[in-house]
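As a plain string of letters, each chain reads:
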Amino acid sequence: MTLISHDLGTPAPKPSSRNGEQTEVEVTIDGVKISVAEGTSVMRAAALAGVDVPKLCATDSLDPFGSCRLCLVEIDGRKGTPASCTTPCSPGMTVSTQTPKLERLRRGVMELYISDHPLDCLTCAANGDCELQDMSGAVGLRDVRYGYDGDNHLSLGKDTSNPYFTFDSSKCIVCNRCVRACEEIQGTFALTIEGRGFGSRVAAGFNGNFFDSPCVSCGACVQACPTATLTENTVIELGQPRRTVLTTCAYCGVGCSFKAEMQGETVVRMTPYKNGGANEGHSCVKGRFAWGYANHQDRQLEPMIRESITDEWKKVSFEEAIAFAAGKLQSIQSRHGKYSIGAITSSRCTNEEVFVVQKMVRAAFGNNNVDTCARVCHSPTGFGLSNAFGTSAGTQDFKSVEYADVILLIGANPTDAHPVFASRMKKRLREGAKLIVVDPRKIDLVKTAHIEASGFLQLKPGTNVAIINSLAHVIVTEGLADTTFIAERCEPSEYAVWSEFVSREENSPEAMEAHTGVPAAQVREAARLFATGGNGAIYYGLGVTEHSQGSTMVMGMANLAMATGNLGRDGVGVNPLRGQNNVQGSCDMGSFPHELPGYRHVSDDATRTMFEQLWGTVIQSEPGLRIPNMFDTAIDGNFKGLFVHGEDIAQSDPNTAHVESALSAMECVIVQDLFLNETARFAHVFFPGTSFLEKDGTFTNAERRINRVRPAMRPQTGKHEWQIVCELANALGHPMAYNESSEIMDEIAALTPTFKGVSFARLDEEGSVQWPCNDANPNGTPIMHKEKFVRGLGKFTPTPYVPTEEKSTRKFPLLLTTGRILSQYNVGAQTRRTKNVAWHAEDLLEIHPSDALERGVRDGEEVTISSRVGNTVLRAQITERVAPGVVYTTFHYPISGANVITTDNSDWATNCPEYKVTAVQVSPGRSAATAELDHPAHRLSALVRMANQIARQFAADSSLDAVKATVAHLERFWEHEMRVDLAQAVEAGSITVDDVVVEAVRRLTVHA
Ligand code: SF4
Ligand code: SF4
Ligand code: SF4
Ligand code: FES
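Residues numbered from 1 in each chain as written. Chains lettered and ligands numbered in written order. Predicted model: local features only at pLDDT ≥ 70, side-chain atom pairs only at ≥ 80, totals over all residues. Heavy atoms only, no water.

**Details of the sheet that holds strand β6 (residues 165-168)**
Defined as follows: In this description, strands pair whenever DSSP reports at least two bridges between them. Numbering of helices and strands runs from the N terminus, with a helix taken as a DSSP run of H or I at least four residues long and a strand as a DSSP run of E at least two residues long.
Strand order in the open sheet made by the 3 strands is β5-β6-β9, with antiparallel pairing throughout. Strands at the two margins of the open sheet, each flanked by one partner only, are β5 (158-159) and β9 (230-232).

**Brief notes about the site of ligand 3**
Just so we agree on the cut-off: Being near a molecule or strand, for a residue, comes down to having at least one heavy atom within 4 Å of it. Polar here means any residue outside two lists: the nonpolar Ala, Val, Leu, Ile, Met, Phe, Trp, Tyr, Cys and Pro, and the charged Asp, Glu, Lys and Arg; Gly therefore counts as polar.
Taken together, Cys 249, Tyr 251, Cys 252, Val 254, Gly 255, Cys 256, Phe 258, Cys 284, Lys 286, Gly 287, Pro 419 and Val 420 make up the full set of residues near ligand 3. Among the elements of the structure, α7 (285-289) and α12 (419-430) are those that each provide at least two residues to the shell around ligand 3. Its residues placed into classes, the shell around ligand 3 shows 9 nonpolar, 2 polar and 1 charged.

**A look at the confidence of the model for the protein**
The line we're drawing: pLDDT runs from 0 to 100 and stands for how confident the predictor is about each residue. Whether two residues touch is decided by their heavy atoms; if any such pair falls within 4.5 Å, the residues are in contact.
Considering every residue of the protein, the mean pLDDT works out to 89; 90% of them sit at 70 or more. Considering only residues more than four positions removed or in separate chains, one finds that residues 949-955, a stretch of pLDDT under 50, has 6 contacts. In this model residues 962-967 is a low-confidence stretch, pLDDT under 50, and it forms 5 contacts with partners more than four residues away in sequence or in other chains.

**Re the site of ligand 1**
Around ligand 1, the structure places Phe 165, Cys 182, Gln 186, Leu 191, Phe 210, Cys 215, Val 216, Ser 217, Cys 218, Gly 219, Ala 220 and Cys 221. Within the residue set of the shell around ligand 1, elements represented by two or more residues are α4 (177-186) and α5 (220-224). Among the residues forming the shell around ligand 1, the class breakdown is 9 nonpolar, 3 polar and no charged.

**Focus on α12**
Heads up, the condition is: An expected span of 1.5 Å times one less than the residue number is assigned to each helix. Relative accessible area decides the class of each residue, using a 1.4 Å probe on protein chains only: under 20% of the type maximum gives buried, over 50% gives exposed, and in between gives partly exposed.
If you check α12, its first and last C-alpha atoms are 16 Å apart, about what 12 residues at 1.5 Å a residue would give, namely 16 Å. Most of α12 is tucked away: 10 of the 12 residues are buried. Among all positions of α12, only Pro 419, Val 420, Phe 421, Ala 422, Ser 423, Arg 424, Met 425, Lys 426, Arg 428 and Leu 429 are buried. Gly 432 lies just past α12 and shows a positive phi near 125°.

**A closer look at the packing of aromatic side chains**
The geometry of an aromatic ring pair comes down to the distance between the two centres and the angle between the two planes. Spelled out, the test is: Only the six-membered ring of Trp is used, alongside the rings of Phe and Tyr, when aromatic pairs are assigned; centres must lie within 6.5 Å, and planes under 30 degrees apart are stacked while those over 60 apart are edge-to-face, with the rest tilted. To sit over a ring, a charge needs its Lys NZ or Arg CZ within 6 Å of the ring centre and within 35 degrees of the ring normal.
If you walk through the whole model with that rule in mind, you get 22 aromatic pairs. A centroid spacing of 5.0 Å and a plane angle of 65° characterise the contact between Tyr 495 and Phe 796, whose relative ring orientation is edge-to-face. Of this pair, Tyr 495 sits in helix α15 (residues 492-503) while Phe 796 sits in the loop between β31 (768-770) and β32 (814-819), and the two are 301 residues apart along the sequence. Phe 796 shares its class with Tyr 495; the two are buried. If you follow Lys 14 out to its NZ or CZ, it ends over the ring of Tyr 403, 5.0 Å from the centre. Against the face of Trp 313 rests Arg 306, its NZ or CZ located 4.0 Å from the ring centre.

**Focus: the side chain of Gln 186**
With respect to the helices, strands and loops of the structure, Gln 186 is situated in helix α4. Using a relative accessible area of 7% as the deciding quantity, one classes Gln 186 as buried. Not counting residues up to four positions away in its chain, the partners in contact with Gln 186 are Ala 181, Val 216, Cys 218, His 282, Ser 423 and Lys 426.

**Side note on the sheet that holds strand β18 (residues 434-438)**
Short version of the rule: Helix axes are fitted to C-alpha atoms over the stretch in contact, other axes to C-alpha atoms as well, and angles between N-to-C directions run from 0 to 180 degrees.
One open sheet holds the 5 strands; their spatial order is β21-β18-β17-β22-β23, and the pairing between them is parallel. Strands at the two margins of the open sheet, each flanked by one partner only, are β21 (455-457) and β23 (574-576). In this sheet, adjacent strand axes meet at a mean angle of 15° when their direction is disregarded. By the bridge criterion, 3 bridges tie β18 to β21 in an arrangement that is parallel. Paired with Val 438 across the two strands is Leu 457, which belongs to β21. Sheet contacts for helix α19 (residues 550-563): β17 (406-410), β22 (536-540) and β23; angle to β22, the most-contacted strand, approximately 170°.

**Brief notes about a positive patch on the surface**
So the rule is basically this: For patch detection, residues must exceed 30% relative accessible area and be free of salt bridges, and they are connected within 9 Å for like charges or within 5 Å for nonpolar side chains (Val, Leu, Ile, Met, Phe, Trp, Tyr). Using the Shrake-Rupley algorithm and a 1.4 Å probe, accessible areas are obtained, with residue cover drawn only from the displayed protein chains. Note on definitions: salt bridges are taken to be side-chain nitrogens of Lys or Arg within 4 Å of carboxyl oxygens of Asp or Glu. Working convention for charge: Lys and Arg count positive, Asp and Glu count negative, and His plus the chain ends are omitted. Think of each charge as sitting on NZ of Lys, CZ of Arg, CG of Asp or CD of Glu.
On the surface, Lys 101, Arg 104, Arg 107 and Arg 142 cluster together into a positively charged patch. Among the structural elements, Arg 107 can be located in helix α2 (residues 100-115).

**Quick notes on the packing of helix α22 (residues 627-635) against helix α24 (residues 656-664)**
Condition: With respect to orientation, any angle under 35 degrees is reported as roughly parallel, any angle over 145 as roughly antiparallel, any angle of 65 to 115 as roughly perpendicular, and every other angle as oblique. When the near helix sits turned anticlockwise from the far one by under a right angle, the crossing is termed left-handed; a clockwise turn instead gives a right-handed crossing.
Here α22 crosses α24 at 60°, and the two axes come no closer than 8 Å. Classed by the angle they form, the pair α22 and α24 counts as oblique. The two elements α22 and α24 meet at a crossing, and its hand is left-handed. The residues of α24 that touch α22, namely those facing Phe 631, Asp 632, Ala 634 and Ile 635, are His 658, Val 659, Ser 661 and Ala 662.

**Section: the nonpolar core**
So the rule is basically this: Within this scheme, the nonpolar core is defined by two criteria: the residues are buried Ala, Val, Leu, Ile, Met, Phe, Trp, Tyr or Cys, and they are joined through side-chain atoms within 4.5 Å.
Membership of the largest hydrophobic core comes to 71 residues, with the highest contact counts inside it found for Phe 210, Leu 230, Leu 409, Met 425 and Tyr 539. Take this core: its biggest share by element is 4 residues, from α12. Excluding residues that lie within four positions of it along the chain, Tyr 539 makes contacts with Val 401, Ile 407, Leu 408, Leu 409, Ile 410, Phe 421, Met 425, Asn 575 and Leu 577. Within the second largest apolar cluster, 56 residues are counted, among which are Ile 332, Cys 349, Ile 706 and Val 758.

**Looking at helix α21 (residues 605-615)**
Inclusion rule: Summarising the geometry, the arc corresponds to the directions from the helix axis toward the C-beta atoms.
Of all the positions in α21, only Thr 607, Arg 608, Phe 611, Glu 612 and Trp 615 are classed as buried. Considered in projection along α21, the buried side chains sweep an arc of 130° and stay on one side of the axis. When the buried face of α21 is taken as reference, the exposed residues oriented beyond 90 degrees from it are Ala 606 and Gln 613. Elements in contact with the buried residues of α21: α9 (351-365), β24 (595-596), β25 (600-601) and α26 (741-751). Following α21 by one or two positions, Gly 616 has its phi on the positive side, about 65°.

Spelled out as structure tokens, the structure:
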């Protein structure tokens, strides 16, 4: 595997299907004969033949444009000198790329470019990584006949509005690569070339400023720019990288591959890897730029212990912390029994780390009390897809979307939550595929640049199952089902039962309209389009799973896909868009209390025996506690010890008050994390975690792709997380030891049939592989269920709609639903510690104008949100993105306390919390009814806003640099001083909230 990918100049022609036949044509280039697929450009054919044609405006990630005129060639029998990038090969073509005439023409082109370019190569940030510099050398330019004194663009200014990259217009050669990257790869259309002829220049949005334009800071234009015009600020500050490590983004479930480009132990930049299976060279703002949290001053690098959660933390050696933790856990088990402790694994950690945690629970704790944060996001996916197809994973790879004709997008907002996949989806939509969006909120994809959904079913929160049943009703009753597929691939008796069920009048769009609020005609039209529009693909997210009927809805979507024959080939399928980077992997690794790795039930004797023999221990045959059961049992006094691995349950789990009561009731809470998070407030032991830049292991993304995570630097803590877990297990009396994390993967492969063919060596050789990867599927499995389902015949299951108990009432008349925003991630522990706060400094409450008017709520002002379980305060944003009766917020800031108001209702099958539906009331200001808002966290939240205002005031009459400095001070101020020491001081009662206000203003003044 090589990290240096040769740019072939233009993309390969796309076949009609993934493995479709392509006609070959033979051409001769500089005397070399080569056969290429029809439609291949002369430039690409030349590169494949080992002949590099000079180029500037061409790159193989973009369609050819033909503007720079540097790639001219001569073709036998043709007049002139055509551009090789825009000329397709034709049979028998004979091409010359190096003739005296071409050399003269190319030098002339380069002379023009260089005569209008700053001659500061030696001090330029791109020195050594500049295609303009390379091409000057390639064409042998030694002199510029026109001199450098004519009209030029050298005095054009820089745009430094984006926190991560700089646009230096004076270096622009107007090659259009950035504009095309923004359109073709990212699909945002933020850039344009304004002006004509000599006056042409790149402009962002209408204001000509990147930050205020529609730019989403994906970095595609920076990547595409052949000069130093668009350059990462870190490269400007640090210089060119010296070494490269290939690794995987640690944010969302897309699992993008990146090159960590380093100087020693310092990251210079992260660049998306062209051969990455999930991203094919693209990125989003988080993976590309938001990695600075790894070195944030809040990062904890040493173990700490304390007897009581009111004590100060004491920094100790790893040996002392491990002995302390083991002693506490053993003491608890001796007094309360072996089932009184457990662990929660994290979907942010590697497969290897998750595997050792669940092994420690089963082998050293001696119980099955292990659960994962996937419980609170995609556990219904596992249940529903297993039931229908026999395995719990998504059916397709991401590439499959390139062959979809109708995309049914339910409860997902990919442009914010899965941006790189969203770009692939948008590209297919611009090619003509149709889109149906099912969502309570008007997400961007409903109407965005060059895309408009054919159907937008804006349903009421909590009525997904009603919609899926009415879509199925139309398909079955109008004779649109794929009877051949059903007869060949599915259980006939189950289909008969299901089709009778969905055909009932009670499931018709007309009958369901009263529940969903979606006009029946729209549902009928969408159903017909999905059933008859060609390849139909379903993509979905947490808007499906985080409901009381989450599992029912997953089964409903599986029913719909089977009924329309949309499984087992490219362009179709049922595709969960996983939230965190390793949700798939953490589930695969056996971190559910009822399943060993590979989704095998703990009651299965043969499976248990296999693990027991290798681990030399006895594994319990009864499932352990789920996360909500752990909390309930803790409150009852029977669950006393918890190891929380990389997950901030005090912030991310619903009904915060309940979670905090449970944590407070425990005798030993062990937190392993990068930061002293909210959960650590209840902890007795803190083990420092490693960032993805230090980890050595694998992540498995939403398409079951196992990607390597390679250490770009040594663990800053001195130990890998899996080593700490093994040492804790050893201290508890169960020996666990590995020399390298590759040995953990070897053990996983030995014990898990779907991983049998996986090893670090193989991943290093091939890049990535999609499970199942074993004797039956030696090359992995991009698309599942091709010939038959994993369970044999597909299973239809009736899915009666049962309205959630969380209903709007006179007291709580609005339904709150939640989601993510592009620049932030999950509870924000990482992204809030980066410059991404420039885009989203606080969570807002979206409210429809009519609901706002009725309540006297004004845009930008504080409102109190009250639910049956709690109250919080957010700033209102009045928008028609939400329908009347629905309000929406994100949950990236702890002070927003979104989970203070979410209830502990959950999915009937998996206990996945019903985050997406909470009945609330919204009232302007800090209402008198919210006495507990005087809680320090809320007072501090107000303080943060005040500090923000002061910053804006400073910024108004200051230079850009001063504004940046103020913002940087504020970030440090909020995140570190405010959150950590001031908040703790208030909690401990050593100072009052009012003292904090005075102190905050003083510190802010000093900083500013
Ligand atoms: S960073 Fe991305 S969205 Fe912004 S202008 Fe560049 S390509 Fe477009
Ligand atoms: S900014 Fe870079 S990519 Fe864009 S037109 Fe200028 S030189 Fe080309
Ligand atoms: S799409 Fe997801 S995996 Fe890819 S760079 Fe963005 S956050 Fe990382
Ligand atoms: S590379 Fe072909 S015209 Fe620019």
